[in-house]
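One-letter residues, chain by chain:
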Amino acid sequence: MPAPEQKKIRIATTSLAGCFGCHMSLLDIDERLFALLEQVEFDRSPLTDIKHCGPCDIGLVEGGICNAENVHVLREFRNNCKILVAVGACAVTGGLPAQRNHLSLADCLQEVYVTEISLHNGMIPNDPELPLPLDKVHPLHEVVKVDYFIPGCPPSADTLWKFLTDLLTGRTPKLGADLIRYD
Ligand code: SF4
């Protein structure tokens, strides 16, 4: 009788107020992706066509929180993922997008959509389908509990690989100084 197939670890990923650079860094593990895919399967992710996060072992979230939809998606991930990981500077601290925190949101929208010199009859978009922007950009842990933080903009492929292989083999992830960076 063939041995029963081992259940794969289920991983969801998303980009909130991110630039997809952290996802690109994950893809940078290159041929190690084949080894990874033997052990894991992907749930909701920009790499799949799954629209909502279901029950998962690990959720990897890049990007901070800049609008109402980000909050909704982050809560969906927290409710479904046993382990939630803030991946990259934006998720850990708000990152470069949080530089807008010292400006007024109203002034930013006015400048970009109305005052900008190349615009003619500009107006601030107000379609109800658009997610409302928040006054400030927030790191993930200000909205939900986060289990692990991986700094870096982005964290390197080697960092993400070490982190994931630690988790997949049941070890508490431990990143040496050579794998931690903040730029
Ligand atoms: S941490 Fe850097 S690479 Fe990752 S989403 Fe933010 S800006 Fe992009």
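Anyway, here's the lowdown on the structure attached to this text. In this text the structure is predicted, and so the values were computed from the model without any measurement.

### Here's the deal with a nonpolar patch on the surface
And then number 1: A surface patch of nonpolar side chains, amounting to about 310 Å² of accessible area, comprises Val112, Tyr113, Leu119 and Ile124.
And then number 2: Given the relative accessible area of 31%, Ile124 is considered partly exposed.

### Details of the pattern of salt bridges
And then number 1: In the structure shown here, the tally under the stated rule is 11 salt bridges.
And then number 2: A salt bridge links Arg10 to Glu41, with the shortest nitrogen-to-oxygen separation between them at 3.2 Å. Linking Arg10 in strand S1 (residues 9-15) with Glu41 in strand S2 (residues 40-42), this pair joins segments that are 31 residues apart in sequence.
And then number 3: Note that Arg32 and Asp158 form a salt bridge whose closest N and O atoms lie 3.0 Å from each other. Here Arg32, found in helix H2 (residues 32-39), pairs with Asp158, found in helix H6 (residues 157-168); they are 126 residues apart in sequence, far enough to count as distant.
And then number 4: Connected via shared salt-bridge partners are Arg10, Glu41 and Asp43.

### Looking at the site of the ligand
And then number 1: Neighbouring residues of the ligand: Gly18, Cys19, Gly21, Cys22, Glu62, Gly88, Ala89, Cys90, Gly152, Cys153 and Pro154.
And then number 2: More than half of the atoms belonging to the ligand lie within 2 Å of the grid points that define the second largest pocket.
And then number 3: Those elements giving two or more residues to the shell around the ligand turn out to be helix H1 (21-27) and helix H4 (89-93).
And then number 4: Of the residues belonging to the shell around the ligand, the class tally is 6 nonpolar, 4 polar and 1 charged.

### Digging into the layout of surface pockets
Any empty space left between atoms is shown by rolling a water-sized probe over those atoms.
And then number 1: The computed volume of the largest pocket comes to approximately 320 Å³.
And then number 2: In this structure, the largest pocket is lined by 15 residues; those nearest its centre are Leu109, Tyr113, Pro125, Pro131 and Pro133.
And then number 3: Among the elements that take part in the lining of the largest pocket, helix H5 (residues 105-115) stands out by supplying 5 residues, more than any other.
And then number 4: Considering only residue class, the lining of the largest pocket consists of 12 nonpolar, 1 polar and 2 charged.
And then number 5: Empty space within the second largest pocket amounts to approximately 150 Å³.
And then number 6: Taken together, 16 residues form the lining of the second largest pocket, with Cys19, Gly21, Cys22, Cys90 and Cys153 sitting closest to its centre.
And then number 7: Among the elements of the structure, H1 and H4 are those that each provide at least two residues to the lining of the second largest pocket.

### Points about the sheet that holds S2
And then number 1: Judged by pairing direction, the sheet is parallel, and its 5 strands sit side by side in the order S2-S1-S3-S5-S7 without closing on themselves. The outermost strands of the open sheet, each flanked by one partner alone, are S2 and strand S7 (148-150). On average, each strand axis in the sheet is inclined to that of its neighbour by 25°, with strand direction left out of account.
And then number 2: Summarising the sheet, S1 and strand S3 (residues 56-62) pair through 5 bridges and their orientation is parallel.

What counts and what doesn't
- Residues numbered from 1 in each chain as written.
- Predicted model: local features only at pLDDT ≥ 70, side-chain atom pairs only at ≥ 80, totals over all residues.
- Heavy atoms only, no water.
- Patch = residues over 30% accessible without salt bridge, like charges linked within 9 Å, V, L, I, M, F, W, Y side chains within 5 Å.
- Areas by Shrake-Rupley, 256 points an atom, 1.4 Å probe, with all protein chains shown as cover.
- Salt bridge = Lys/Arg side-chain N within 4 Å of Asp/Glu carboxyl O.
- Buried < 20%, exposed > 50% of the residue type's maximum accessible area, 1.4 Å probe, protein only.
- Helix = DSSP H or I, 4+ residues; strand = E, 2+ residues; numbered from the N terminus.
- Near = heavy atom within 4 Å.
- 1 Å grid on protein atoms, 1.4 Å probe; cavity = no way out; pocket = protein on both sides within 12 Å on 5 of 7 lines; lining within 4 Å.
- Sits in = over half its atoms within 2 Å of the grid points.
- Nonpolar A, V, L, I, M, F, W, Y, C, P; charged D, E, K, R; others polar.
- Points joined across faces, edges and corners; volume = space filled by probe spheres on them.
- Pairing = 2+ DSSP bridges.
- Axes fitted to C-alpha atoms, helices over the stretch in contact; angles between N-to-C directions.

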